[in-house]
Amino acid sequence: MPDFLFYLFSALTVLSAFLVTVSRNAVNGAMYMIVSFVGMAALFVLLEAYFLAALQVLVYAGAVMVLFLFIIMLLDAGKGRTVRPDRLTTAAACIGGLLLISGLIYITFDSGAAPSTPLPVITELPENATATNIPFTTSSRSFGYGLFTKYMLPFQVTGFLLLIAMIGVIVLSKRIDSSGDEPAKPRIAKS
Amino acid sequence: MNYNGFQELAATNQWSAIWPELSMAGIGLLVLCLDLFLPSSRKRLIPLVAIFGQLALLAVLVMGCGCATESTGPLFGGMIESGPYTPYMRAFFVLSSTLVCYLGVSYLSRQNLPRSEFYLLTIFVSGAMMLLVQSSNFVMLFVSLETVTIGFYVLVSYCRYSPFSLEAGLKYLILGALSSAILLFGIVLLYGAASNPALAQSTTDSMNFAALGKFIAATPEEPLVLVGAVLVLCGICFKIGAVPFQIWVPDVYQGAPTPVTAFLAVSSKAAGFLVLMNLVAGPFAALSKLTVPLLSAIAIITILFGNITALGQRNVKRVIGLSGIAHAGYLLVGVVAMAVGVALAPWAIIFYLFAYLFASFAVFGVMVHLAGVEDEIQEIDHYQKLAERQPFLAGVLAIGLGSLAGIPPLAGFIGKLLLFIAAFQAELYTLLGAAIIGVVISVYYYFGWMREAFFIKPALPGDEARPSYPMPGAVGIIHKLTLGLLVVITVLMGLFQRGIFGG
């Protein structure tokens, strides 16, 4: 049964990702992308990474894609003329893609190509978690421990990063007249 | 469930150790709150709060510089580690940020732009730079670098109804994002290689500089490591504007508001170099067979490119930008000497950065004063007969440019001399030759600018067709004091070096 589900969701993910690239309409493309993200979330569930699956749906399929759709509709994209890539670009992209696929096939089917060690299965934090070694587990609790101990400082700096981005967007987009600091130009008196 | 490991980790989160960064964040947040709650008649207080807050912090930092500075070891679970240079660089960034805010006051008084956000962004970005130069973990490095870069995206396009500023902002956004992507890709390759349990000395904490350094020392030939290291160095070279990653420099320097250009030229470059020094002496120490030739080649091309392209420029901001590329080249010579293992090199770099700060801000102070509303199109011709009209500004300009060119009694000369001594000790004679040729070339365009200010050209036929430039207004007493202080420090640093950095 899990095998069947794996193939089902992988096919869903890959097929909709392919449709993203070929769909003519940008809104359709964004919709296919949502399907692809949901398929990936299902794959995470099959891997017992429930937290990642929830994040995938909430953040990517939810927030990020809403933003994408918003921008597409706001800018009215997809109405302009389509630009066909020139022949050189097409050839380079085809060769690059073929190389990538052959490399992936080689790594997958040749056991000696990539030395791999089995990953330990952890669902709870082990006894020997130390300062330099926070193991990643599938429980959301371990992410919390990591964020609030080892990664506390970057976590806080990220907050400032978001603050700067927010202030920057407001500064760059708010109307100059409403800056309100000083009466810059004399307003025309009401007649 | 055992919590001991986490308690150990939480114990290294010593917030008191990063009090200067926290104070910067505090000043920034204070400015934000004042902007919200002050009535608009009192808004003039905001730049005063920003400048004097940072001056107070600077005073405390400078007093602390003289004290013994023992390394505190890794803090925040190995995220940051303060080294011997940290106190100086903290003072450097606070000083630079104060001066940028100061230039911002005179710049913004001429523009109809939002005010307090400028100070806010400058202060936050400087705080992030102070963290960036201490970071000893790639997670911390990337997060603080992004904070700096995103702040700069906004600051560069701050004057948003100027097409130059917008163009500069767009170019900086695209190339900055590209360089971040390259850097991140390098980090990921290093992470992947160092976490591979099949390799010797693999580590579970492979973002940490110390652990990564051990791994690289054990497997310096691993191709994934080499590619990753080269990509990381490329990403940093974008930030410091070294050739072949210098394309963005002239346009962005020209289009950005002048105080932001100064901020980019001084603080951003210094932060990039400190990161480069940390990397070359830290995790990539075992890769000196790769880093020394790579950075040497970049340094030679950078010095020659910057100086030669600056020769033909007439726009002063482009001249400053292109000569800034050349300065990055001289500093790269110091980094190479450091990678070879010369003990003098890091101190020479820091001295050079300080000399560059004082001289650059003197020149930028004059530029801000002379600029009209559209400060992107300031040509060298603007400075004609400056000595007649404003002898004080002409003197400041002469000393600032002289220091940048490296004329003997000034700080810039000693900075270059120290770098060259370090290069000589490291036996980098080719680099030394290229740097000396570069300095000779640079004298031409720096002095051409000075000649414009001091000597009156005979009137040629056709001169009437040239646009006449408005006379700059009188220099205020505060502006005089600030510029005078910068010049005096430049001269004093050239005459007395004993006592700085403990002799």
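Reading the values: rules and limits
- Residues numbered from 1 in each chain as written.
- Chains lettered and ligands numbered in written order.
- Predicted model: local features only at pLDDT ≥ 70, side-chain atom pairs only at ≥ 80, totals over all residues.
- Heavy atoms only, no water.
- UniProt positions renumbered as here; feature names shortened; annotations may be inferred.
- Helix = DSSP H or I, 4+ residues; strand = E, 2+ residues; numbered from the N terminus.
- Buried < 20%, exposed > 50% of the residue type's maximum accessible area, 1.4 Å probe, protein only.
- Contact = heavy atoms within 4.5 Å.
- Patch = residues over 30% accessible without salt bridge, like charges linked within 9 Å, V, L, I, M, F, W, Y side chains within 5 Å.
- Areas by Shrake-Rupley, 256 points an atom, 1.4 Å probe, with all protein chains shown as cover.
- Salt bridge = Lys/Arg side-chain N within 4 Å of Asp/Glu carboxyl O.
- pLDDT = per-residue confidence, 0-100.
- Axes fitted to C-alpha atoms, helices over the stretch in contact; angles between N-to-C directions.
- Parallel < 35°, antiparallel > 145°, perpendicular 65-115°, else oblique.
- Left-handed = near helix turned anticlockwise from the far one by under 90°.
- Nonpolar A, V, L, I, M, F, W, Y, C, P; charged D, E, K, R; others polar.
- Core = buried A, V, L, I, M, F, W, Y, C linked by side-chain atoms within 4.5 Å.
- Expected span 1.5 Å × (residues − 1).
- Bend = angle between axes of the 7 residues up to and from the residue.

- Chain B is annotated in an unreviewed UniProt entry as NADH-quinone oxidoreductase subunit N from Cerasicoccus arenae.
- Entered under Sequence similarities (unreviewed entry) in the UniProt record, the comment concerning chain B runs "Belongs to the complex I subunit 2 family."
- Reading the Subunit (unreviewed entry) entry of the UniProt record for chain B gives the comment "NDH-1 is composed of 14 different subunits. Subunits NuoA, H, J, K, L, M, N constitute the membrane sector of the complex."

- Per an unreviewed UniProt entry, chain A carries the name NADH-quinone oxidoreductase subunit J and comes from Cerasicoccus arenae.
- Comment text from UniProt for chain A, heading Catalytic activity (unreviewed entry), reads "a quinone + NADH + 5 H(+)(in) = a quinol + NAD(+) + 4 H(+)(out)".

1. Some details on the overall build of chain A
Part 1: Looking only at helices and strands, chain A has six helices and zero strands in total.
Part 2: In sequence order, chain A lays out its α and β elements as α-α-α-α-α-α.
Part 3: Going through the 191 residues of chain A one by one, you find that 22% of them count as buried.
Part 4: Contacts in chain A between residues at least 24 apart in sequence constitute 39% of all its contacts with a sequence separation of at least 6.

2. So, the overall build of chain B
Part 1: The number of helices and strands found in chain B is 19 helices and two strands.
Part 2: Within chain B, contacts between residues separated by at least 24 positions form 78% of all contacts whose residues are at least 6 apart in sequence.

3. Comments concerning a nonpolar patch on the surface
Part 1: A cluster of nonpolar residues, L67(A), F68(A), F70(A), I71(A), L74(A) and L75(A), forms a patch on the protein surface that exposes about 650 Å² of accessible area.
Part 2: Assignment of secondary structure puts I71(A) in helix α3 (residues 50-75).

4. Observations regarding the UniProt feature "transmembrane region" (unreviewed entry) in chain A
Part 1: With numbering matched to this structure, UniProt assigns "transmembrane region" (unreviewed entry) to residues 6-23, 30-51, 57-76, 88-109 and 151-172 of chain A.
Part 2: Taken as a whole, residues 6-23 of chain A contains 94% helix and 0% strand, while its terminal C-alpha atoms sit 25 Å from one another.

5. As for the pattern of salt bridges
All names here are of chain B.
Part 1: Evaluated as defined, the whole model comprises seven salt bridges over all chains.
Part 2: Put simply, R318 and D251 hold a salt bridge, and the shortest N to O gap is 3.1 Å. Within this pair, whereas R318 is found in helix α13 (residues 316-340), its partner D251 is found in helix α10 (residues 249-255), the two being separated by 67 residues in sequence.
Part 3: Measuring nitrogen to oxygen at the nearest pair gives 3.9 Å for the salt bridge that ties E452 to R314.

6. Observations regarding the confidence of the model for chain A
Residue and element names in this part refer to chain A.
Part 1: This prediction gives chain A a mean pLDDT of 79; 74% of its residues lie at or above 70.
Part 2: Within chain A, the element-level pLDDT minimum falls on helix α5 (residues 140-148), averaging 79, and the maximum on helix α6 (residues 152-173), averaging 92.
Part 3: Overall, residues 178-191 carries pLDDT values under 50, and its contacts beyond four positions in sequence, including any with other chains, amount to 12 contacts.

7. Examining the side chain of H327(B)
Residues and elements named next belong to chain B.
Part 1: Here H327 is to be found in helix α13.
Part 2: A relative accessible area of 2% means that H327 is categorised as buried.
Part 3: In contact with H327, other than residues within four places in its own chain, are Y352, Y356, L404, K416 and Y446.

8. Some points on the packing of helix α7 (residues 163-194) of chain B against helix α9 (residues 223-240) of chain B
Residues and elements named next belong to chain B.
Part 1: Relative to each other, α7 and α9 sit at 155 degrees, their axes nearing to 8 Å. The angle between α7 and α9 places the two elements in the roughly antiparallel class. Regarding α7 and α9, the two cross each other, and that crossing is left-handed.
Part 2: Looking at the contact of α7 with α9 residue by residue, the classes come out as 18 nonpolar, six polar and one charged.

9. Some words on the packing of helix α14 (residues 344-370) of chain B against helix α16 (residues 391-405) of chain B
The packing of two helices is summarised by the inter-axis angle and the distance between the axes.
All names here are of chain B.
Part 1: At their nearest, the axes of α14 and α16 sit 8 Å apart, and the two run at 145 degrees to each other. α16 is crossed by α14, and the crossing has left-handed handedness. Where α14 abuts α16, its residues A355, Y356, A359, S360, A362, V363, V366, H369 and L370 lie against L393, V396, L397, G400, L401, S403 and L404.
Part 2: By residue class, the composition of the contact of α14 with α16 is 12 nonpolar, four polar and no charged.

10. Some thoughts on the environment of P114(B)
Residues and elements named next belong to chain B.
Part 1: Counting through the fold element by element, P114 comes out in the loop between α4 (86-108) and α5 (116-132).
Part 2: When its relative accessible area of 3% is taken as the criterion, P114 is described as buried.
Part 3: Along the backbone, P114 and Y158 are 44 residues apart, and their C-alpha atoms lie at a distance of 8.9 Å.

11. Concerning the confidence of the model for chain B
Part 1: Summary statistics for chain B give a mean pLDDT of 86 and a share of 92% for residues scoring 70 or more.
Part 2: Within chain B, the element-level pLDDT minimum falls on helix α1 (residues 4-11) of chain B, averaging 73, and the maximum on helix α6 (residues 138-156) of chain B, averaging 94.

12. Looking at the nonpolar core
Part 1: Core analysis: the biggest nonpolar cluster contains 180 residues, and M89(B), F138(B), Y383(B) and W449(B) have the highest contact counts within it.
Part 2: Per-element accounting of this core gives the leading share, 21 residues, to α14(B).
Part 3: With near-sequence residues (within four places) excluded, M89(B) lies in contact with V133(B), A270(B), L274(B), I350(B) and L353(B).
Part 4: Formed by 10 residues, the second largest nonpolar core is a distinct cluster that contains L153(A), M79(B), M140(B) and V143(B).

13. What to know about the environment of P220(B)
Part 1: Along the chain, P220(B) turns up in the loop between α8 (209-218) and α9.
Part 2: When its relative accessible area of 26% is taken as the criterion, P220(B) is described as partly exposed.

14. As for unusual backbone geometry
Part 1: Between V243(B) and P244(B) the backbone carries a cis peptide bond, its omega angle lying at 5 degrees.
Part 2: Tracing the sequence through the fold places P244(B) in the loop between α9 and α10.
Part 3: Positive phi is not limited to glycine here, since E48(A) has a value of about 65 degrees.
Part 4: Structurally, E48(A) is set in the loop between α2 (26-46) and α3.
Part 5: Judged by its relative accessible area of 45%, E48(A) is partly exposed.
Part 6: In the Ramachandran plot, E427(B) falls in the positive-phi region, its phi being about 60 degrees despite a non-glycine side chain.
Part 7: Here E427(B) is to be found in the loop between α17 (411-425) and α18 (429-454).
Part 8: Judged by relative accessible area, E427(B) falls into the exposed class, the value being 57%.

15. Topic: α3(A)
Residue and element names in this part refer to chain A.
Part 1: With 26 residues, α3 extends 36 Å between its outermost C-alpha atoms, agreeing within 8% with the 38 Å of an ideal straight helix rising 1.5 Å per residue.
Part 2: The sharpest bend along α3 measures roughly 30 degrees and falls at M65.
Part 3: Within α3, the full set of buried residues consists of A53, Q56, A61, M65, L69 and I72.
Part 4: Elements in contact with the buried residues of α3: α2.
Part 5: Directly after α3, the chain includes D76, whose backbone phi takes a positive value near 55 degrees.

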